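Here is what each chain is made of, one letter per residue.
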Amino acid sequence: MSVPTGLVSHTRKVQSLYKRALRCLEAWYDRREIYRYYAVLMRERFDQNKDVKDMRIAKELITQGEQELFDNQHWHPRKFPDSPGGVAYQREVIPPDWVVDYWHPLEKAQYPEYFARREQRKREYIKLWEKKFGKTQSVPSH
């Protein structure tokens with residue numbers, strides 16, 4: 001999840017508000033034709049104020065729009081499956097890189113170029129590690 005940093009332009013705020021308003025409409029109206037009707041009405045409301053040049057009025061319009069969006073938000077909004085809060089969020093388990101080291105040699109033989117490059121990169125990484133931190137010393141066992 002990314003968090004916006006820095007300044008956000010007025011245009012970007014309007015675009016974000018419009019998209020959130022459409023997503024809110026999608027949550028309320030599940031039939032496509034009804035949703036499209038209200039989406040066209042929403043677009044008309046945004047188009048009425050697109051030529052406002054006074055930034056004080058424009059900022060006030062965005063504030064009113066965000067308040068209206070908050071007041072009319074759906075009690076159980078739709079979420080995309082892979083989005084935070086969705087049914088499949090973080091379900092894909094990505095195996096760690098070391099798992100490939102335990103492949104059977106016959107499996108590795110199916111991808112000779114990949115494993116040759118992999119072994120080369122591992123050697124380069126070990127060399128870089130030893131250059132940066134020194135060689136590891138083995139600890140005697142009991």
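Now for a look at the structure at hand. (Residues numbered from 1 in each chain as written. Predicted model: local features only at pLDDT ≥ 70, side-chain atom pairs only at ≥ 80, totals over all residues. Heavy atoms only, no water.)

1. Remarks on the packing of helix α1 (residues 10–28) against helix α2 (residues 32–48)
Helix packing geometry: the angle between the two helix axes and the distance between the axes. Keep this limit in mind: Axes here mean lines fitted to C-alpha atoms, for a helix over just the part in contact, with angles spanning 0 to 180 degrees between N-to-C directions. Helix and strand assignments follow DSSP, with helices taken as H or I runs no shorter than four residues and strands as E runs no shorter than two, numbered in order from the N terminus. By the definition adopted for this analysis, an angle is roughly parallel if under 35 degrees, roughly antiparallel if over 145, roughly perpendicular if from 65 to 115, and oblique otherwise. Definitions for this section: a left-handed crossing has its near helix turned counterclockwise from the far helix by less than a right angle. A right-handed crossing has that turn clockwise. Contacts are assigned to residue pairs that have any heavy atoms within 4.5 Å of one another. Basically, the charged four are Asp, Glu, Lys and Arg, the nonpolar ten are Ala, Val, Leu, Ile, Met, Phe, Trp, Tyr, Cys and Pro, and anything else, Gly included, counts as polar.
For the pair α1 and α2, interaxial distance at closest approach is 10 Å and the crossing angle is 155°. Compared by their axis directions, α1 and α2 come out roughly antiparallel. As for how α1 packs across α2, the hand of that crossing is right-handed. Contacts between α1 and α2 pair Val 14, Leu 17, Tyr 18, Ala 21, Leu 22, Leu 25 and Glu 26 from the former with Tyr 35, Tyr 38, Ala 39, Met 42, Arg 43 and Phe 46 from the latter. Each residue belonging to the contact of α1 with α2 can be placed in one class, and the counts come to eleven nonpolar, no polar and two charged.

2. Side note on the packing of aromatic side chains
The test is simple: In this analysis, rings of Phe, Tyr and Trp, with Trp reduced to its six-membered ring, are considered paired at centre separations within 6.5 Å, and the interplanar angle assigns stacked below 30 degrees, edge-to-face beyond 60, and tilted for intermediate values. Only protein chains enter the accessibility calculation, which uses a 1.4 Å probe. A residue is then buried if its area is under 20% of the maximum for its type, exposed if over 50%, and partly exposed in between.
Counting across every chain of the model gives nine aromatic pairs. On the basis of an interplanar angle of 90° and a centroid distance of 6.0 Å, the ring pair of Trp 98 and Tyr 102 is categorised as edge-to-face. Overall, Tyr 102 belongs to the exposed group, its relative accessible area being 67%. Aromatic pair Trp 103 and Phe 115: ring centres 5.5 Å apart, planes at 55°, arrangement tilted. Here Trp 103, found in the loop between α3 (55–71) and α4 (105–109), pairs with Phe 115, found in helix α5 (residues 112–133); they are twelve residues apart in sequence, far enough to count as distant. A relative accessible area of 33% means that Trp 103 is categorised as partly exposed. Three or more aromatic residues joined by ring pairs make a cluster, and in this case those are Trp 103, Tyr 111, Tyr 114 and Phe 115.

3. Some words on the environment of Asp 54
Tracing the backbone through its elements, the reader meets Asp 54 in the loop between α2 and α3. Judged by relative accessible area, which is 31%, Asp 54 ranks as partly exposed. In this structure the C-alpha to C-alpha distance between Asp 54 and Tyr 125, which are 71 residues apart in sequence, comes to 58 Å.

4. Topic: the packing of α1 against α3
With their axes 11 Å apart at the nearest point, α1 and α3 run at an angle of 25° to one another. Overall, the two elements α1 and α3 adopt an arrangement that is roughly parallel. The interaxial crossing formed by α1 with α3 has left-handed handedness. Residues His 10, Lys 13, Val 14, Leu 17, Arg 20, Ala 21 and Cys 24 of α1 pack against Met 55, Ala 58, Ile 62, Gly 65, Glu 66 and Leu 69 of α3. Across the contact of α1 with α3, the residue classes tally to eight nonpolar, two polar and three charged.

5. Focus: a nonpolar patch on the surface
Threshold: Patches here: salt-bridge-free residues with over 30% relative accessible area, like charges joined within 9 Å, nonpolar side chains (Val, Leu, Ile, Met, Phe, Trp, Tyr) joined within 5 Å. Using a 1.4 Å probe, the Shrake-Rupley method yields the accessible areas, and only the shown protein chains count as cover for residues. In the sections that follow, a salt bridge refers to a side-chain nitrogen of Lys or Arg positioned within 4 Å of a carboxyl oxygen of Asp or Glu.
Taken together, Trp 98, Val 99, Tyr 102, Trp 103, Tyr 111 and Tyr 114 make up a surface patch of nonpolar side chains, about 690 Å² in accessible area. Tracing the sequence through the fold places Val 99 in the loop between α3 and α4. Looking at Val 99, the relative accessible area reads 32%, which means it is partly exposed.

6. Thoughts on the side chain of Arg 118
Residue position: Arg 118 is located in helix α5. You can call Arg 118 buried: its relative accessible area is 8%. Apart from the residues lying within four places of it in its own chain, the contact partners of Arg 118 are Asp 97, Val 100 and Asp 101.

7. Describing the nonpolar core
Basically, it comes down to this: In this description, a nonpolar core means a group of buried Ala, Val, Leu, Ile, Met, Phe, Trp, Tyr and Cys residues linked to one another through side-chain atoms lying within 4.5 Å.
Counting nine residues, the largest nonpolar core consists of Leu 17, Ala 21, Leu 22, Cys 24, Leu 25, Tyr 35, Ala 39, Met 42 and Leu 69. When contributions to this core are tallied by element, the ones reaching two or more residues are α1 and α2. The dominant element in this core, judged by the number of residues it contributes, is α1, at five residues. Excluding residues within four positions of it along the chain, Ala 21 makes contact with Met 42 and Leu 69.

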